[in-house]
Amino acid sequence: MDLGLQNRVAIVTGSARGIGAETARFLAREGMAVVITDLDGDGAAATAAQIVAAGGRAIGTACDVRREAPVRQMVAAAREAFGRVDVLVNNAGLVKDRTLLKMDEADWDLVLDVTLKGAFHCCRAALPLMHENGWGRVVNISSRALFGNPGQANYSAAKAGIVGFTRALAMEQGRKGVTVNAIAPGFIETDYIKSLPNFDTIVENVKAKNLVPFAGQPGDVAGAVAFLASEHARYITGTTLYVTGGRYG
Ligand SMILES: NC(=O)c1ccc[n+]([C@@H]2O[C@H](COP(=O)([O-])OP(=O)(O)OC[C@H]3O[C@@H](n4cnc5c(N)ncnc54)[C@H](O)[C@@H]3O)[C@@H](O)[C@H]2O)c1
């Protein structure tokens, strides 16, 4: 299937590793130029170099999505390198898990700021470039945790918040040629998760709860992002796509 993404330009936040890196590699294989941006600038540069070595087009930049000035610099670097921005994937995120009474205010703020304020800054910086061409795609990475997980009040609030943000922005942007959707992944086997000491137990638990008898891979999310970014998804906006192996609760 031709996704019609050749020569378009994507920014993927939090793409030094994990789901973001796999999404950037996927989009690059579809012919997109990709901006790899992450708090981890060295990791971003390494992922970009890997894409370039494989014949793709990519740049890597360090950027903290919580701060407006670096986000605006990152989007300016995207335009300087590739001349336009068509797709923004708000993927940067993290967990700081604790039950509520043990949760620090700083851990609450960090998780909400990276997820929600990060998407706010990145959208405000990138949308005007999409408007220049009358075409754009925003894909926000939420989580199945939006339905609630014990020990994740901050993360669940942030990931539910990003769904409301997605719907409001879709209402504002549809007539400007920009669709805005969210993806809610379930458990995804990233390298980081594979490195956890209790990885095997976690995966067995996931397999038991999923409707399909396996855990998700980063490519499962990357493929969903590519679809929502493509021409084939032009009539889809304001929605949340669950990439969870059928699990909701
Ligand atoms: N892995 C899963 O099972 C899973 C499930 C549901 C949702 N998600 C979501 O998918 C996204 C990617 O997750 P992942 O598993 O690949 O995580 P990851 O930790 O491997 O990658 C996240 C990246 O975000 C970057 N980041 C963190 N704070 C940042 C900031 N302030 N500015 C810029 N970059 C920042 C990190 O440096 C890291 O490289 C996250 O939004 C996560 O919440 C993951």
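Here is a short report on the structure shown in this document. Note that the structure is predicted; figures quoted are calculated from it, not measured.

**Remarks on the sheet that holds strand E2 (residues 33–38)**
Inference 1: Taken in spatial order, the seven strands of this open sheet run E3-E2-E1-E4-E5-E6-E7, and their pairing is parallel. Each edge of the sheet is formed by a strand with only one pairing partner; in this case those strands are strand E3 (57–62) and strand E7 (240–243). Taking each pair of neighbouring strands and ignoring which way they run, the sheet shows an average axis angle of 20°.
Inference 2: Strand direction decides the pairing type here: strand E1 (residues 9–13) and strand E4 (residues 87–90), joined by three bridges, are parallel. Along E4, the bridge assignment pairs Ile 11 with Leu 88.

**Details of unusual backbone geometry**
Inference 1: In the Ramachandran plot, Asn 7 falls in the positive-phi region, its phi being about 70° despite a non-glycine side chain.
Inference 2: One can find Asn 7 in the segment before E1.

**Here we look at the environment of His 131**
Inference 1: Here His 131 shows up in helix H4 (residues 105–133).
Inference 2: For His 131, a relative accessible area of 30% puts it in the partly exposed group.
Inference 3: Ignoring any residue separated from it by four or fewer positions in sequence, one finds His 131 in contact with Gln 173, Lys 176 and Val 178.
Inference 4: Polar side-chain contacts of His 131 include one of 2.6 Å to the side chain of Gln 173.

**Some thoughts on the site of the ligand**
Inference 1: Taken together, 25 residues lie near the ligand, and Arg 17, Ile 19, Asp 38, Asn 91 and Tyr 155 sit nearest.
Inference 2: Ile 19 has a polar backbone atom sitting 2.8 Å from an oxygen atom of the ligand.
Inference 3: Within the contact set of the ligand, an oxygen atom lies 2.9 Å away from a side-chain nitrogen or oxygen of Lys 159.
Inference 4: Protein chains shield 89% of the accessible area of the ligand, which is 820 Å² for the free molecule.
Inference 5: Among the secondary structure elements, those contributing two or more residues to the shell around the ligand are helix H1 (18–29) and helix H5 (153–173).
Inference 6: The residue inventory of the shell around the ligand, partitioned by class, reads 12 nonpolar, eight polar and five charged.

**Things to note about the packing of aromatic side chains**
Each pair of aromatic rings is reported with the distance of its centres and the angle of its planes.
Inference 1: Enumeration over the complete set of coordinates arrives at three aromatic pairs.
Inference 2: Plain terms: the ring middles of Phe 147 and Tyr 242 are 5.7 Å apart, the flat faces sit at 20° to each other, and that makes the pair stacked. Of this pair, Phe 147 sits in the loop between strand E5 (136–141) and H5 while Tyr 242 sits in strand E7; the two residues are 95 residues apart in sequence, bridging distant segments of the chain.
Inference 3: Under the relative-accessibility criterion, Phe 147 is labelled partly exposed at 44%.
Inference 4: Ring centres of Phe 147 and Tyr 248 lie 6.3 Å apart, and the angle between their planes is 65°; this geometry places the pair in the edge-to-face category. A residue pair is termed long-range when its members are at least 10 positions apart, and Phe 147 in the loop between E5 and H5 and Tyr 248 in the segment after E7 qualify at 101 residues.
Inference 5: Each member of the aromatic cluster is reached from another via a ring pair, and the members are Phe 147, Tyr 242 and Tyr 248.
Inference 6: Sitting above the plane of the Trp 135 ring, Arg 8 keeps its charged end 3.5 Å from the centroid.

**Overview of empty space enclosed by the protein**
Inference 1: Taken as a whole and judged by the stated rule, the model has two cavities of 30 Å³ or more.
Inference 2: Here the largest cavity defines a volume of roughly 60 Å³.
Inference 3: Lining the largest cavity are Thr 13, Val 65, Asn 90, Asn 91, Ala 92, Val 114, Thr 115, Gly 118, Ala 119, Cys 122, Ile 141 and Ile 162.
Inference 4: A total of five residues in the lining of the largest cavity trace back to one element, the largest contributor, which is H4.
Inference 5: When its residues are assigned to classes, the lining of the largest cavity shows seven nonpolar, five polar and no charged.

What counts and what doesn't
Residues numbered from 1 in each chain as written. Predicted model: local features only at pLDDT ≥ 70, side-chain atom pairs only at ≥ 80, totals over all residues. Heavy atoms only, no water. Pairing = 2+ DSSP bridges. Helix = DSSP H or I, 4+ residues; strand = E, 2+ residues; numbered from the N terminus. Axes fitted to C-alpha atoms, helices over the stretch in contact; angles between N-to-C directions. Buried < 20%, exposed > 50% of the residue type's maximum accessible area, 1.4 Å probe, protein only. Contact = heavy atoms within 4.5 Å. Polar contact = N/O pair within 3.5 Å; in protein donor to acceptor, adjacent residues only side chain to side chain. Near = heavy atom within 4 Å. Areas by Shrake-Rupley, 256 points an atom, 1.4 Å probe, with all protein chains shown as cover. Nonpolar A, V, L, I, M, F, W, Y, C, P; charged D, E, K, R; others polar. Phe/Tyr/Trp six-rings, centres within 6.5 Å; stacked < 30°, edge-to-face > 60°. Lys NZ or Arg CZ within 6 Å of the ring centre and 35° of its normal. 1 Å grid on protein atoms, 1.4 Å probe; cavity = no way out; pocket = protein on both sides within 12 Å on 5 of 7 lines; lining within 4 Å. Points joined across faces, edges and corners; volume = space filled by probe spheres on them.

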